[in-house]
Structure formats: structure tokens, C-alpha cells
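Here's the letter readout for the chains.
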Amino acid sequence: MNTDTHAAHADDHHHGDGHAHGSFSTYMLGFVLSVVLTAIPFWLVMSGALPSKQITALVIMAFAVVQIVVHMIYFLHMNTTSENGWSMMALIFTIVMVVIALSGSLWVMNHLNSNMMPMHEMTGMK
Amino acid sequence: MTVAVNPSQTGEPVFYLADEHPHPEGYSTSLGFWIYLMSDCLIFAILFATFGVLGANYAAGPAPKDLFDLDLVAVNTSMLLLSSITYGFAMLTMQQNKIAQTQMWLAITGLFGLAFIGIELTEFAHMIHEGATPQRSAFLSAFFTLVGTHGLHVSCGLIWLVTLMVQVGKFGLIEANRRRLMCLSMFWHFLDVVWIGVFTFVYLLGVLR
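This structure is a prediction, so every number in the text was calculated from the model and none was measured.

*Asks:* Let's hear about the overall build of chain A: which residues, and what values?
*Replies:* Counting its secondary structure elements, chain A contains five helices and zero strands. When the helices and strands of chain A are placed in sequence order, the string is α-α-α-α-α. Scored against the burial criterion, the 126 residues of chain A give a buried share of 27%. Long-range pairs, those at least 24 residues apart, make up 59% of the contacts in chain A between residues at least 6 apart in sequence.

What follows is the structure, given as C-alpha cells:
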């Protein structure tokens, strides 16, 4: 009886396990998807199948983003309900920070590069 | 905050907090560990940003095209991917309480992880032998810092894996060991996610440049 009330107690509150588990089929599905999503970018770069480097770069970056989402769902079992949504909140916060840090650094440093460029003009003025 | 009233024998009301209750041991571990992983993610984001800024500064030294062997990187990537799925199998057999099979899958995961580290160290040794040391150019400094930090994480994961195999061998699949195996599962899959970024942005885009 004691365990019964304890179980009911755990159900009433938010604790309990809190973390989702996978099954054999979801693990295999995730694995097959990530093999495909890894193989295609490698093949694109190694064979040079696409005409322009710019397009290839964009396509393989898109594949990386999709594969990260696949890993998050099938291997890390992310969903909006685990830990009362707090793990999703932490993830969203991290993504915002990462996007600001990455895009900010690249943008600012690129501008610096293009504004610091005129080495030849300096030598020409001498 | 709720306050409940419980009439005692003397008739005087007794006040206590109804929503204060004990938490089972480790109930917040998985959220705490997830937040640790997110902070680790920020470390890698900064290293990726550094590589993104410095990745084209070769200082007249070797460029990615001269250094990277994509066949080797593909083999390395498959090692890490295979170790991810075998760790998944270890978690599944753990849920079915099969100690021997869990140990076997953990050992296979460890071997794949070891192969990954071995290939990576071979690659590093080859590059350093060719004079592409971290001191050679800003690109190589950023490369060795980013990829080396990832490799260091995988090495720590391997030590952790062996520790947990000893723990499971000694105490079985007790609640505490299940919790630890789940944390290592998150850690291991997280490192695979970081590797997706590494092989895409460092190796593939580097060779493409």
C-alpha cells in the first residue's frame, strides 16, 4: 500500500523519470537516417557532382542541420515534454546563444577583413 | 504556498507546508546533466567561431586540400556513428535488465570509440610529421584546438565508459548505475552531434574551399 501511494505521489508531481526512452525501431530509424545524411554530403564533395562549389557548400550545410535534428530526436530523445519542458528551454537558449556567437563573430571579423584589406594601396602610397 | 490545518488532540490547529516533500535521490540529475551539455555546446560554439574566422589564414602553409584525407574522415565518422547505435543497444538491453548483453554492447561501443581516437591520433601524427603543427598557421591552431577538444571529450567518455562497466560488473544494474549510464548516453550522443559540425564545417567545407 505504501508503494501504491508513493507511485500515485510520483504521478501527481512532475518527477518520475522525466526522460524519454527510445525503442529498437526508433534507434534503427535514426541510425539509417544519419548514415544516409552523412554519406550524401561526403559523396557530393568527393565526386564534385554539383556544378558550383557554392551550391555544394549550401547543400552539405543543410544536410548537417537536418542530421543534427535527427540525432536530437532519435538518439538524445529530445521532446517538448521531458523535464516539464525545461530541457527544451535550455536547448532553445543555447541555440540562441550559439547563433549570436557564430553569426556575430563571422560577420564582424569579415567586415574587419574587408576594411583592413588595402595593403597594396598602402605600399603604392609610399 | 499551501498551508493545511490538522486538528490535533488538544484542539489547537497545527500548521505545516503541504507542498514540501522529499525528492528521490538523483531526480534532477538528467536535467542538470543536460544543462552541463548545453554549456559544453557553448564551448564548442566558440571554437567553431574561432575556426570560422581563422580557418582561411594559412600563412603560406598547407591548406585543408593538402592535408585532409576525406576517405579517412569518412571511416572515422562511421566509427563514431556505429558507436552511437551500439550505445543505443546498450541502453535498450539495460532497460530489459540484461547485464551481460549491456556489458557486451558497452564494450563494443568502447572499441568503436577507441578506433575513432586511434584514427584521429594517426591523422594528427601524420600532419605534424608533414610540418603542419599547431604553430604553423592560424588555420592549424584553430583546427587542432577544435578537433583536439572534441577528441579529448571522446577520450574522457571512454574513461567514463570503462568506469561504468566496472561499476555495473560490481554492483549490477542498480538505480544509480542506470542513471549514470543514461548520463553517459547523453554525453556520447552529444559528441556525435558535435562531430557532425566538425566533419561538415572543418573537413568537407575545408576541402571544398
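Next comes the rest of the account.
*Asks:* Can you explain the overall build of chain B? Please cite residues and give values.
*Replies:* A tally of helices and strands in chain B yields six helices and two strands. Listing the helices and strands of chain B from first to last along the sequence gives β-β-α-α-α-α-α-α. Taking 209 residues into account, the globule formula puts the C-alpha radius of gyration at 17 Å, and chain B, at 24 Å, lies well above it. Over its C-alpha atoms, taken along the principal directions, chain B stretches across nearly 90 × 40 × 25 Å. The 209 residues of chain B split such that 50% are buried. Within chain B, residue pairs in contact and separated by at least 24 positions form 75% of the contacts whose partners lie at least 6 positions apart. For chain B, the accessible surface area stands at approximately 9500 Å², while carbon and sulfur atoms represent 66% of it. Side chains of chain B carry 8 positive and 13 negative charges; the gap between the two charge centres is 6 Å.

*Asks:* Explain the packing of aromatic side chains to me, and be specific about the residues and the numbers.
*Replies:* Residue and element names in this part refer to chain B. Summed over all chains, the structure comprises 21 aromatic pairs over all chains. Geometrically, the ring pair formed by Phe143 and Tyr203 is edge-to-face, given 6.0 Å between the ring centres and 90° between the ring planes. Of this pair, Phe143 sits in helix α5 (residues 138-171) while Tyr203 sits in helix α6 (residues 175-208); the two residues are 60 residues apart in sequence, bridging distant segments of the chain. On the accessibility criterion, Phe143 (0% relative accessible area) is buried.

*Asks:* Can you lay out the pattern of salt bridges for me, pointing to particular residues and giving the numbers?
*Replies:* Residues and elements named next belong to chain B. A full pass over the atoms with the stated rule returns one salt bridge over all chains. A salt bridge links Glu25 to Arg179, with the shortest nitrogen-to-oxygen separation between them at 3.6 Å. In this pair, Glu25 is assigned in the loop between β2 (13-17) and α1 (29-54) and Arg179 in helix α6, connecting sequence segments 154 residues apart. A relative accessible area of 68% means that Glu25 is categorised as exposed.

*Asks:* Mind laying out the environment of Leu17 of chain B, listing which residues take part and the relevant values?
*Replies:* Looking at where Leu17 of chain B falls in the secondary structure, it is placed in strand β2. Between the alpha carbons of Leu17 of chain B and Asp66 of chain B there is a distance of 69 Å; along the sequence they are 49 residues apart.

*Asks:* With reference to specific residues and values, describe the environment of Ile35 of chain B.
*Replies:* All names here are of chain B. On the secondary structure map, Ile35 appears in helix α1. Of the residues examined, Ile35 reaches a relative accessible area of 46% and is grouped as partly exposed. The spatial distance from the C-alpha of Ile35 to the C-alpha of Val198 is 22 Å, given a sequence separation of 163 residues.

*Asks:* An account of a nonpolar patch on the surface is needed here, citing residue identities and associated values.
*Replies:* Together, Trp107, Val108, Met109, Leu112 and Met116 of chain A make up an exposed nonpolar region whose accessible area comes to about 540 Å². Tracing the backbone through its elements, the reader meets Val108 of chain A in helix α4 (residues 86-115).

*Asks:* Account for the packing of α5 of chain B against α6 of chain B, naming residues and giving values.
*Replies:* The relative placement of two packed helices is expressed as an angle between their axes plus a distance between the axes. Residue and element names in this part refer to chain B. Following both chains from N to C, one finds α5 and α6 inclined at 160°, their axes separated by 10 Å at the closest point. By the angle between their axes, α5 is roughly antiparallel relative to α6. Note on packing geometry: the crossing formed by α5 with α6 is left-handed. When grouped by side-chain class, the residues that make up the contact of α5 with α6 number 21 nonpolar, five polar and one charged.

The rules we used
Residues numbered from 1 in each chain as written. Chains lettered and ligands numbered in written order. Predicted model: local features only at pLDDT ≥ 70, side-chain atom pairs only at ≥ 80, totals over all residues. Heavy atoms only, no water. Helix = DSSP H or I, 4+ residues; strand = E, 2+ residues; numbered from the N terminus. Buried < 20%, exposed > 50% of the residue type's maximum accessible area, 1.4 Å probe, protein only. Contact = heavy atoms within 4.5 Å. Rg over C-alpha atoms; globule rule 2.2 N^0.38 Å. Areas by Shrake-Rupley, 256 points an atom, 1.4 Å probe, with all protein chains shown as cover. Lys, Arg positive; Asp, Glu negative; His and termini not counted. Charge placed at Lys NZ, Arg CZ, Asp CG, Glu CD. Phe/Tyr/Trp six-rings, centres within 6.5 Å; stacked < 30°, edge-to-face > 60°. Salt bridge = Lys/Arg side-chain N within 4 Å of Asp/Glu carboxyl O. Patch = residues over 30% accessible without salt bridge, like charges linked within 9 Å, V, L, I, M, F, W, Y side chains within 5 Å. Axes fitted to C-alpha atoms, helices over the stretch in contact; angles between N-to-C directions. Parallel < 35°, antiparallel > 145°, perpendicular 65-115°, else oblique. Left-handed = near helix turned anticlockwise from the far one by under 90°. Nonpolar A, V, L, I, M, F, W, Y, C, P; charged D, E, K, R; others polar.

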